[in-house]
Amino acid sequence: DLRLRDHPALLRAVTRADEVLPVFVPDPVLLRPGGTAGPERVGRLLASVAALREATGDALVIRAGAPETVIPRLAAEVGAAEVHVTGETTPYGRARDARVAEALAGDGRALVRTGTPCAVDPGVLRTRAGTPYRVFTPFLRAWRARGLPRPAPDPEAVRWLTGVDSEELRLPGGRTAARSPATAEPAGEEAALRRWRTYLSDGLARYHELRDRPDLDATSRMSVALAHGEVHQRTLLADLATAPAPAAAVESFTAELCWREFSADVLWHEPGAARRDLRPGLAGLTYDSPDDSPAAEAAVTAWRTGRTGYPFVDAGMRQLLAEGFVHNRARMVTASFLVKDLHLWWPVGARHFLRHLRDADVASNSLGWQWVAGTGTDAAPYVRVFNPVSQGLRFDPDGTYVRRWVPELAHLPGAAVHEPWRHPEGLLRGYPSRIVDHEVERREALARHEAARG
Ligand code: FAD
């Protein structure tokens, strides 16, 4: 949680001791070269940590290494009886914090968990039958019925413990953060709150009408700040309650925030859903594997590099590599293309997304993929196959999004970019031909689905 406001764990620490030492541990499992996070994601994290360090007047201490070793050692070094954190909700984070708690307890110290990154902690809401929610709409209803949680007050005064040795802000393995101009956006809590206030006054009012349009800058992009804990959902929800925007816009935005919490709740109950099909119903479905088939490997490479020959898909995949961000509509269409046009199992794509997304969130990502793949809870039915051309024509009607990310098509006018093969000059500037025929692959996907059900 790389912020100082609306931070119950910090507030609690401040009430327990005169001085508090803020610590960040770059976890080598996540950040080592070739690890889960790629350069864009690492760069963004690093920028956020740097902003927090500045906000603490350089009190923030960096200690790289396995958290279960580094934290108890540092606690002993400064004589801290308690280590305060925000409660983790992901399978990896929960297991890691359990190891830290055990190591601290061995030394007579305590790991104190306060709250979670959600407004309603995962695991709290249950159906009348006492079971976890599997369907979004009733979850939303129950989530709303709990009322708005108030943001935590600012601590009156925080006295940081200073004079403790810190490592440089450098990632394990001597890895540096490659920053591309596209992502040189300001990071940290202040920048996130500024972005949010601007969005509240200039963008929110038309959210419900324009949120599906990747050609427009119509969504908040708060996912990146939320993923780093630069802001908490509580703060956003409290501001939404008094926002100068139509009720439909506020409701639509709130529901999207709730999707984030629904995903976290599902993953809380089913930690295996980060890597496996949540519903076993499609277990018999056959997928191609890039490990066994050179054709599948070539297909996945074309998908990753944005060279499938389907402009809307390629724009999304290139935005991912260039910016570490993808508009939600493009996430759905690119994901559908991998699963249903290229017949690859969703985790192949989910891993690639997690590596590059600056808002990488294992719950929203895995469940987003499973929604598209038809394997999740409350997912789109498998037989709903996104058509990459009609999706482009509908949600990027003038082709602006495609032209922004696919320069080989920048010479084509208007919506012609979505079907360059129909235009006499469409494929003259290096844009590839389609690697598959969507209609043929759609039928193939449905045939595989039928066979699996049979
Ligand atoms: P806005 O439209 O402004 O929405 C406001 C906030 O609501 C977002 O910041 C986000 O926190 C939440 N939100 C919106 N849509 C969703 C959704 N469908 N599911 C969960 N939360 C949502 N979101 C992530 O934060 N991290 C991920 O790793 C991630 N991976 C995804 C993978 C796939 C295949 C799909 C289909 C969706 C994924 N999403 C993920 C959800 C969604 O695409 C992003 O949250 C959204 O695009 C972020 O842009 P924004 O902040 O401008 O969203």
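Not measured: the values here are computed from a predicted model.

Analysis parameters
- Residues numbered from 1 in each chain as written.
- Predicted model: local features only at pLDDT ≥ 70, side-chain atom pairs only at ≥ 80, totals over all residues.
- Heavy atoms only, no water.
- Axes fitted to C-alpha atoms, helices over the stretch in contact; angles between N-to-C directions.
- Helix = DSSP H or I, 4+ residues; strand = E, 2+ residues; numbered from the N terminus.
- Left-handed = near helix turned anticlockwise from the far one by under 90°.
- Contact = heavy atoms within 4.5 Å.
- Nonpolar A, V, L, I, M, F, W, Y, C, P; charged D, E, K, R; others polar.
- Salt bridge = Lys/Arg side-chain N within 4 Å of Asp/Glu carboxyl O.
- Buried < 20%, exposed > 50% of the residue type's maximum accessible area, 1.4 Å probe, protein only.
- Pairing = 2+ DSSP bridges.
- Right-handed = clockwise from strand over helix to strand, strands pointing away.
- Phe/Tyr/Trp six-rings, centres within 6.5 Å; stacked < 30°, edge-to-face > 60°.
- Lys NZ or Arg CZ within 6 Å of the ring centre and 35° of its normal.
- Near = heavy atom within 4 Å.
- Polar contact = N/O pair within 3.5 Å; in protein donor to acceptor, adjacent residues only side chain to side chain.
- Areas by Shrake-Rupley, 256 points an atom, 1.4 Å probe, with all protein chains shown as cover.
- 1 Å grid on protein atoms, 1.4 Å probe; cavity = no way out; pocket = protein on both sides within 12 Å on 5 of 7 lines; lining within 4 Å.
- Sits in = over half its atoms within 2 Å of the grid points.
- Expected span 1.5 Å × (residues − 1).
- Points joined across faces, edges and corners; volume = space filled by probe spheres on them.

To continue, consider the packing of helix α15 (residues 346-356) against helix α16 (residues 362-373). Axis angle and axis distance: for two packed helices, these are the angle between their axes and the distance between the axes, and together they describe the pair. Between α15 and α16, whose axes approach to 10 Å, the crossing angle comes to 145 degrees. For α15 against α16, the interelement crossing comes out right-handed. Residues W346, G349, A350, F353 and L354 of α15 form the contact with α16, whose participating residues are V362, N365, S366, W369, Q370 and A373. A breakdown of the residues in the contact of α15 with α16 according to their chemical character gives 7 nonpolar, 4 polar and no charged.

Taken as a whole and assessed by the stated rule, the structure comprises 27 salt bridges. We note a salt bridge from E19 to R159, for which the minimum N-O separation is 3.4 Å. Of the two residues, E19 sits in the loop between α1 (8-16) and β1 (23-24) while R159 sits in the loop between α6 (136-145) and α7 (189-202), which places them 140 residues apart along the sequence. Exposure remark for R159: the relative accessible area of 52% places this residue in the exposed category. With a closest N to O distance of 2.7 Å, E444 and R448 form a salt bridge. In this pair, E444 and R448 both sit in helix α19 (residues 438-453), 4 residues apart, roughly one turn of the helix.

Quick look at the pairing of strand β3 (residues 82-86) now. Two elements, β3 and strand β4 (residues 110-114), share 5 bridges in a ladder whose sense is parallel. Bridge pairing in β4 links H84 to V112. For the handedness criterion, the β-α-β arrangement of β3, helix α5 (residues 91-105) and β4 is classed as right-handed.

Attention now moves to the packing of aromatic side chains. Per the counting criterion, the structure on display carries 15 aromatic pairs. Plain terms: the ring middles of Y310 and W421 are 5.8 Å apart, the flat faces sit at 70 degrees to each other, and that makes the pair edge-to-face. On the criterion of sequence distance, the pair formed by Y310 in the loop between α12 (294-305) and α13 (311-323) and W421 in the loop between α18 (400-405) and α19 is long-range, its members being 111 residues apart. Overall, Y310 belongs to the buried group, its relative accessible area being 2%. Under the relative-accessibility criterion, W421 is labelled partly exposed at 25%. Every member of this aromatic cluster is reached through a ring pair, and the members are Y133, F136, F139, W259 and F262. One Lys or Arg, R94, reaches over the ring of W268 and ends 3.6 Å from the middle of that ring.

Let us now look at the site of the ligand. Among the 26 residues in the neighbourhood of the ligand, the closest are listed as Y207, T219, S220, R221 and N328. In the environment of the ligand, an oxygen atom lies 3.1 Å from a nitrogen or oxygen atom belonging to the backbone of D361. Relative to its free-state accessible area of 810 Å², the ligand is covered by the protein chains to the extent of 95%. Judged by the fraction of its atoms near the pocket grid, the ligand is located in the second largest pocket. Elements that contribute at least two residues to the shell around the ligand include exactly α9 (222-227), α11 (247-269), α14 (328-341) and α16. Within the shell around the ligand, the residues separate by chemical class into 13 nonpolar, 7 polar and 6 charged.

What follows deals with α7. Between the first and last C-alpha of α7 there are 20 Å, a value that for 14 residues agrees with the 20 Å anticipated at 1.5 Å per step. Among the residues of α7, those classed as buried are E189, A191, A192, L193, W196, Y199 and L200.

Before going further, it helps to examine the side chain of D6. Here D6 lies in the segment before α1. Setting aside residues no more than four positions away along its own chain, D6 makes contact with P151, A152, D154, H232, R234 and T235.

Taken as a whole, the second largest pocket spans an internal volume of roughly 1,100 Å³. Every residue lining the second largest pocket is counted, 40 residues in all, and those nearest its centre are R211, E256, W259, N328 and S364. The dominant element in the lining of the second largest pocket, judged by the number of residues it contributes, is α11, at 8 residues. Taken together, the residues that form the lining of the second largest pocket break down as 19 nonpolar, 10 polar and 11 charged.

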